[in-house]
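Each chain is listed here by its residues.
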Amino acid sequence: MSHTPLGIRQAQKQKTRQALLDAALELLEEQSLSSLGLREVTRAVGVAPTAFYRHFDSTADLGVALVDEALGSLHAVVSELLTATWDSDERIARTVELIAAHVRAHPAHVRFIARERHGGVQRVSEAIGAQLGQFAEEVRAALSHDPESVGWSQEDLLMLAGLYVDHMVMTASVFLTTPPEEFARAAGLAERQLRLVSLGRRHWLDES
C-alpha cells in the first residue's frame, strides 16, 4: 500500500502529464501529429509507454490538450484586443506588435496550430476550429458595442470578427517563418491588410 500523500501523487501526475505535453510539442516542431508515435513521446520523457495512458487516451487526445494549451496562450492576445479601437492606425500597429510578441514568446504553440489547423487528425482540427470560433464570438460581442456597428446584423458582425481572428492566426504563421531582415516588410503588409478590412467595414452599409 502506498504511503505517498494524495496531494504529492496528484502533483507528480500533473508533472508527468505536462512533461508529456512539452515533449510532444518539441517533437512536433519537425513532424505532424498524425505521424507522432506515443513511444517517441514517452521515450523523450523517460517513462514507460503504458504510462502514457494514465494521462491521455490517444495521441489525438494529447493533441486536443495541446490545442487547449496553445490557444490558451493566444487568448491573452485576443482579450487585450477586445478592449481596443480596431480601426485606428495606432491600434492596428499595436495589434501587429502583440501578434509578433506572441510568436516570439510561443513559437512552438504557433507552429502547432498552423500545422494542425487543417491537419490529418480530425479531432484536433475540429478542436482548433471550435476555439477559434469561440474567439470570433468574443470579438463579435465586443464589436457589437462599438458605435460603428450600428445597423450591422449579428451575422455580419460575426463575419467581420472571423476576419480579424483569421488574420491574427495567418499573421502569426507568417511571422513564424519570416527571417529578421524581412520582418518589417511582413509587419507592414499585415498592417495594410488590417487597414483594408477597416476601410471595408466603414463602407459596408453604404449599399444598403
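Residues numbered from 1 in each chain as written. Predicted model: local features only at pLDDT ≥ 70, side-chain atom pairs only at ≥ 80, totals over all residues. Heavy atoms only, no water.

Participant: I'd like a description of the side chain of H167, backed by residues and values.
Facilitator: Topologically, H167 is positioned in helix α8 (residues 154-176). H167 gets classed as buried once you look at its relative accessible area, which sits at 9%. Setting aside residues no more than four positions away along its own chain, H167 makes contact with A190, Q193 and L194. (Helix = DSSP H or I, 4+ residues; strand = E, 2+ residues; numbered from the N terminus. Buried < 20%, exposed > 50% of the residue type's maximum accessible area, 1.4 Å probe, protein only. Contact = heavy atoms within 4.5 Å.)

Participant: Account for the environment of E26, naming residues and giving values.
Facilitator: Within the secondary structure layout, E26 lies in helix α1 (residues 6-27). Judged by its relative accessible area of 58%, E26 is exposed. As a C-alpha pair, E26 and A108 span 82 residues in sequence and 7.2 Å in three-dimensional space.

Participant: Pulling in residues and values, what's your account of the nonpolar core?
Facilitator: Among the nonpolar cores identified, the biggest contains 57 residues, and L66, L71, F112, V124 and F175 are the most heavily contacted of them. At the level of elements, α1, α2 (38-45), α4 (59-82), α5 (89-105), α6 (107-116), α7 (122-143), α8 and α9 (183-202) are the ones that each hand at least two residues to this core. With twelve residues, α4 is the single largest residue contributor to this core. Apart from the residues within four sequence positions on either side, L71 is in contact with I113, I128, Q131, L132 and F135. (Core = buried A, V, L, I, M, F, W, Y, C linked by side-chain atoms within 4.5 Å.)

Participant: Let's hear about the packing of aromatic side chains: which residues, and what values?
Facilitator: Tallied over the full model, the rule gives four aromatic pairs. When the centroid spacing of 5.5 Å and the interplanar angle of 80 degrees are considered together, the rings of F52 and Y53 count as edge-to-face. On the numbers, 4.5 Å between centres and 40 degrees between planes, the contact of F175 with F183 is tilted. By relative accessible area, which is 5% here, F175 ends up buried. Of the residues examined, F183 reaches a relative accessible area of 26% and is grouped as partly exposed. (Phe/Tyr/Trp six-rings, centres within 6.5 Å; stacked < 30°, edge-to-face > 60°.)

Participant: I'd love a proper account of the pattern of salt bridges, names of residues and values included.
Facilitator: Under the definition given, this model contains nine salt bridges. Close ionic contact of E97 with R94 constitutes a salt bridge, the shortest N to O distance being 3.6 Å. You can see E97 and its partner R94 sitting in helix α5, three residues apart, about one turn around the helix. The exposure class assigned to E97 is partly exposed, which follows from its relative accessible area of 46%. Close ionic contact of R117 with D166 constitutes a salt bridge, the shortest N to O distance being 2.8 Å. Of this pair, R117 sits in the loop between α6 and α7 while D166 sits in helix α8, and the two are 49 residues apart along the sequence. Assessed through its relative accessible area of 23%, R117 is described here as partly exposed. (Salt bridge = Lys/Arg side-chain N within 4 Å of Asp/Glu carboxyl O.)

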